[in-house]
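Geometric and topological summary
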Amino acid sequence: SGQKTGLILEPLPKNSGIHFAGIGSADSTPACVDYVESTGFATRLRNGQHGIATIEHLLSALHAYKITN
């Protein structure tokens, strides 16, 4: 898309899982199969108006290090 992006990793409370949120936004999308919008060429999650795409490499790295929250 050509848009600049960034990433800030912050811990969440125990058993809350992984959530994606926009910086400066209260909206978030849990990294959960219930929120998968599409998997064609990249995984896209959506929660209402908030969406996030191309998350599979980050999630696989977090899984490899057993990071859950």
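Refer to the structure presented above.
Being a predicted model, the structure only gives us computed values, none of them experimental. (Residues numbered from 1 in each chain as written. Predicted model: local features only at pLDDT ≥ 70, side-chain atom pairs only at ≥ 80, totals over all residues. Heavy atoms only, no water.)

Overview of the overall build of the chain
This is how the line gets drawn: Helix and strand assignments come from DSSP, with helices taken as H or I runs of at least 4 residues and strands as E runs of at least 2, each series counted from the N terminus. The size measure is the radius of gyration over C-alpha atoms, and the globule rule it meets is 2.2 Å times the number of residues to the 0.38 power.
Along the chain, the regular secondary structure elements total 1 helix and 5 strands. Reading the chain from its N terminus to its C terminus gives the helix and strand order β-β-β-β-β-α. Its C-alpha atoms give the chain a radius of gyration of 12 Å, within 12% of the compact-globule value 11 Å for 69 residues. Dimensions along the principal axes, computed over C-alpha positions, put the chain at roughly 30 × 25 × 25 Å.

As for the pattern of salt bridges
Worth spelling out the cut-off: Salt bridges are identified by distance alone: a Lys or Arg side-chain nitrogen within 4 Å of an Asp or Glu carboxyl oxygen. The rule is simple: take the accessible area with a 1.4 Å probe, protein chains only, and divide by the maximum for that residue type; under 20% is buried, over 50% is exposed, in between is partly exposed.
This model, assessed by the stated rule, comprises 2 salt bridges. The residue E37 makes a salt bridge to R44 at a minimum N-O spacing of 2.9 Å. The class for E37 is partly exposed, based on a relative accessible area of 43%. For R44, a relative accessible area of 24% gives the class partly exposed.

Some points on the environment of T39
One can find T39 in the loop between β3 (36-38) and β4 (44-47). Taking relative accessible area as the criterion, T39 reaches 58% and is therefore assigned exposed. T39 sits 30 residues away from N69 along the chain, and the two C-alpha atoms are 23 Å apart.

Here's the deal with the sheet that holds β3
Put simply, the test is: For two strands to pair, DSSP has to find at least two bridges joining them. An axis is simply a line fitted to the C-alpha atoms; with a helix, the fit covers only the stretch in contact. Between two such axes, the angle follows the N-to-C directions and lies from 0 to 180 degrees.
Read across the open sheet, the 3 strands follow the order β3-β4-β5; overall the sheet is antiparallel. The open sheet is flanked by β3 and β5 (50-53), the only strands paired with a single partner. Averaged over all adjacent pairs, the angle separating strand axes in this sheet is 30°, with direction ignored. Where β3 meets β4, 2 bridges bridge the pair, whose relative direction is antiparallel.

A word on unusual backbone geometry
Even without being glycine, F41 reaches a positive phi, approximately 70°. Considering the arrangement of structural elements, one finds F41 in the loop between β3 and β4. You will see that K66, though not glycine, has its phi angle at about 60°, which is positive.

Some remarks on the pairing of β4
Connecting the antiparallel pair β3 and β4 is a turn made up of 5 residues, with F41 showing a positive phi of about 70°. With 4 bridges connecting them, β4 and β5 associate as antiparallel partners. When the sheet's bridge partners are listed, L45 is paired in β5 with I52. Counting the residues between successive antiparallel strands, the hairpin from β4 to β5 contains 2 residues, one of them, G48, with a positive phi of roughly 65°.

The values reported here are purely geometric and, on their own, carry no functional implication.
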